[in-house]
Amino acid sequence: MIISVASGKGGTGKTTVSINLAASLKRPLKLLDCDVEEPNVHLFIKPGELVSRTESTFVPVIDETRCNGCRKCAELCEFNALAVIGEKVLVFPELCHSCEGCQMICPEQAVKDGHRELGTIETGTWNHITLSYGRLRVGEAMSPPLISRVQSIIEPADLVIIDAPPGTSCPAIKAMKVSDFVLLVTEPTPFGLHDLVLTVEAVKKLSIPCGLVINRADIGNEDVYRYARKEGLPILMEIPFSRTIAEIYSQGGLLVDQSPEWRIRFCRLFDSIAETAVLGEVSQ
Amino acid sequence: MKELVVISGKGGTGKTSLTAAFAALAENHLLCDTDVDAADLHLLLAPRIVETHNFIGGSKAAIIAEDCSGCGLCTELCRFAAISDDFVVDPSECEGCGVCRAFCPEEAVDFQPRKCGEWFSSTTRFGPLVHARLGIGEENSGKLVSLIRKQAQFLAEQSGLELIVTDGPPGIGCPVIASITGATALLIVVEPTISGLHDMQRVAELARHFKIPAMVCINKYDLNEEMSSVIELETERRKLMTVGRIPFDPAFIRAMVKGETIIEYDPSAQLVETVSSIWNRIRSSELMTKKEARILPIMK
């Protein structure tokens, strides 16, 4: 089963929920941090040793001895990554989406394989958890390709928890799309609700069953609860606001290490996810 | 004309609440919200929309079943595995590269630019606001960000406004890069957590990469004072200016629930004084006042 932990708004507690859920379960699982722009899971779940792998993607390199300046590549490129000035082809590698169309269309075989670094993938183990996370290269604009590479270690029988990036655009969709269940973490504030509504719409489009965790449940107002009732979204867990929780998080600590009570609560959360996911499958 | 862009790396550090407070304090300015896939600034500023425009993003492929011969060339050439074995394009996987259309021998691929969202020109009680809504799950957020920043610059110039205050998105990827390119200066809002520090370092690195000067403000500093000091040391090491510390204060949430900025919520509060002095420090900083401090025109 693949569970992704998502939210529209940033800073609602996705990472808190992912790491504590993963740590509370006493069986082998893969924890994937797909917030490759700002990965944080490794600050809490710290494998002794990490294996780092650099990931890159295709960009064109023009062999000037073969290029005759016919412009076919530049005309095909939807992303303005190629331009022809006079008879010379200029490449803007940072705009390239790696479709390889320029290479396919070039009649002179003048487009060679180059590469642009996307970032790195770090993998390690910590107790029962295999942690893998992407680190987007600073300056790289496109995160979805690296997210896909992080997800490539998933095997059919795995139990997987994915920490998704915030927002509702392509990176968030990429992270959630592979999952069997989306756990939405929100806070009961106007910003939290507004962004939750957008994320629920996105999850509906993907037809994946979902449930809510309401973090800092005692701040803000009742509107998130009203919305959840109206939409029939199950509230699977509530976490109160407390300075102690905020302090534990700020130092890189786990709630489940603080008291057995938290461990029990996160195990229960997992059970209700499993139940809801199965019900969701039946109803579809 | 100058543009201050508020960013944070990590989400939820208080960018929007702070931008809204600056909106209430600033003069002769225009506002812009470039967090186009989860925009929240309008919840505090209650804009009256004056103009709505469609945002036409990239194209997506669709295979016209009656013209398709089933040769399979498109599935073979698609590098995004977006075309199924029975020749249906999954729009969420389609990158919009047009390779399938270019090579289809039957010309059976429809490839049209689509509406991917909307952008708005509005008025608020704190001046004009340019904002947008990206369609759910859509791509090209960077393109939409560049478009609305360009509109904001155009509008500010037309109305003789001197300053654009922009509420940016979280992260360091495409919409953030589009939000900061050419800006006069950035304000990085950090929270004193291990993630806040980590994410601030990455976003500060991004600012350095694109050679955009940045200032740092610590929000909720008293949730971990030791971490706040670590962040200040890091800020100093990077030769960035710290413009102030803001305490954790439930008034931010209470004001948000009322749809107000913290400046309006309780004008006599100590918090208002703290935020006002931060704003004054930003406004009078060398980064924002020196002659050469201006926005570079946005390309495209």
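What counts and how
Along each chain, the written sequence defines residue order, and numbers are assigned to residues from 1. Lettering for chains starts from A, numbering for ligands starts from 1, and both go in the order in which the items are written. For a predicted model such as this one, the threshold for reporting local features is a pLDDT of at least 70, and the threshold for listing and counting side-chain atom pairs is 80 or more; totals across whole chains, interfaces and linings nevertheless cover every residue. Residue burial here comes from a neighbour count, namely the number of other C-beta atoms, placed from the backbone, that lie within 10 Å of the residue's own C-beta, with 20 or more meaning buried, 12 or fewer meaning exposed, and in between meaning partly exposed. Elements are defined by DSSP. Helices are runs of H or I of four residues or more, strands are runs of E of two residues or more, and each kind is numbered from the N terminus. C-beta atoms are placed from the backbone for every residue, and two residues are taken to be in contact when these atoms lie within 7 Å. For helices, the axis comes from a line fit to the C-alpha atoms of the stretch in contact; other axes are also lines fit to C-alpha atoms, and the angle between any two N-to-C directions lies between 0 and 180 degrees. Working definition: roughly parallel below 35 degrees, roughly antiparallel above 145 degrees, roughly perpendicular at 65 to 115 degrees, and oblique for all remaining angles. Each crossing is labelled by how the near helix is turned from the far one, with a counterclockwise turn of less than a right angle marking it left-handed and a clockwise turn marking it right-handed. Here the nonpolar group is Ala, Val, Leu, Ile, Met, Phe, Trp, Tyr, Cys and Pro; Asp, Glu, Lys and Arg are the charged ones; every other residue, Gly included, is treated as polar. For the domain bounds, the source is a domain assignment made automatically or taken from a database. In this description, strands pair whenever DSSP reports at least two bridges between them. Look down the strands so they point away from you; if the path from the first strand over the helix to the second goes clockwise, the crossover is right-handed.

Moving on to helix 5 (residues 170-177) of chain A. Residues and elements named next belong to chain A. Within helix 5, eight of the eight residues are buried, which leaves it mostly tucked inside the rest of the structure. Along helix 5, the residues classified as buried are Cys 170, Pro 171, Ala 172, Ile 173, Lys 174, Ala 175, Met 176 and Lys 177. Contacts made by the buried residues of helix 5 are with strand 1 (2-6), helix 4 (144-151), strand 8 (160-163), strand 9 (181-186) and helix 6 (190-206).

All names here are of chain B. Closest axis-to-axis distance for the helix 7 (residues 194-209)/helix 8 (residues 225-237) pair is 10 Å, and the angle between their directions is 15°. Taken together, the axes of helix 7 and helix 8 are roughly parallel relative to one another. The two elements helix 7 and helix 8 cross, and the hand of that crossing is right-handed. Every residue of helix 8 that contacts helix 7 at Leu 197, Met 200 and Gln 201 is listed here: Met 227, Val 230, Ile 231 and Glu 234. Tallied by class, the residues present in the contact of helix 7 with helix 8 amount to five nonpolar, one polar and one charged.

Parsing chain A into structural domains produces domain 1 (2-54 + 124-283) and domain 2 (59-117). Just the C-alpha atoms count here: the centres of domain 1 of chain A and domain 2 of chain A sit 40 Å apart.

Looking now at the sheet that holds strand 10 (residues 210-215) of chain A. Residue and element names in this part refer to chain A. The strand order across the open sheet built from nine strands is 3-6-7-2-8-1-9-10-11, with neighbouring strands paired in mixed fashion. If you trace the sheet from one side to the other, it starts and ends with strand 3 (51-62) and strand 11 (235-239), each paired once. Along the sheet, successive strands turn relative to each other by an average axial angle of 20°, direction set aside. Taken together, the five bridges between strand 2 (residues 29-33) and strand 7 (residues 129-136) define a ladder with parallel strand orientation. When the bridges of strand 7 are listed, Asp 33 appears paired with Tyr 133. Against the sheet, helix 5 engages strand 1, strand 8 and strand 9, with an angle of about 155° to strand 1.

Residues and elements named next belong to chain B. Reading across the sheet, the nine strands line up as 3-4-5-2-6-1-7-8-9 and stay open at both edges, with mixed pairing between neighbours. Edge strands, defined here as strands with exactly one partner in the open sheet, are strand 3 (48-63) and strand 9 (241-246). Recorded for the sheet is a direction-independent mean angle of 20° between the axes of neighbouring strands. Inspection of the sheet shows strand 2 (residues 29-33) paired to strand 5 (residues 127-134) by two bridges, in the parallel sense. Residue Leu 31 lies in a different strand from strand 5, and its bridge partner there is Leu 129. Lying over the sheet, helix 5 (residues 141-158) contacts strand 2, strand 3, strand 4 (109-124), strand 5 and strand 6 (163-167), oriented at roughly 165° with respect to strand 5. On top of the sheet, helix 7 reaches strand 1 (2-7), strand 7 (185-190) and strand 8 (214-219); it is set at about 170° to strand 7, its chief contact.

Moving on to the pairing of strand 9 of chain B. All names here are of chain B. Where strand 8 lies against strand 9, five bridges are found, and the strand directions are parallel. What sits directly across from Met 215, in strand 9, is Met 241. Remark: the strand 8/helix 8/strand 9 crossover connection has right-handed handedness.

This part is about the environment of Leu 146 of chain A. All names here are of chain A. Along the chain, the position of Leu 146 falls in helix 4. Residues Leu 146 and Pro 171, spaced 25 residues apart in sequence, show a C-alpha to C-alpha distance of 9.6 Å. Those residues in contact with Leu 146 that lie beyond four places of it in its chain are Val 36, Glu 55, Leu 118, Gly 119, Gly 134 and Leu 136.

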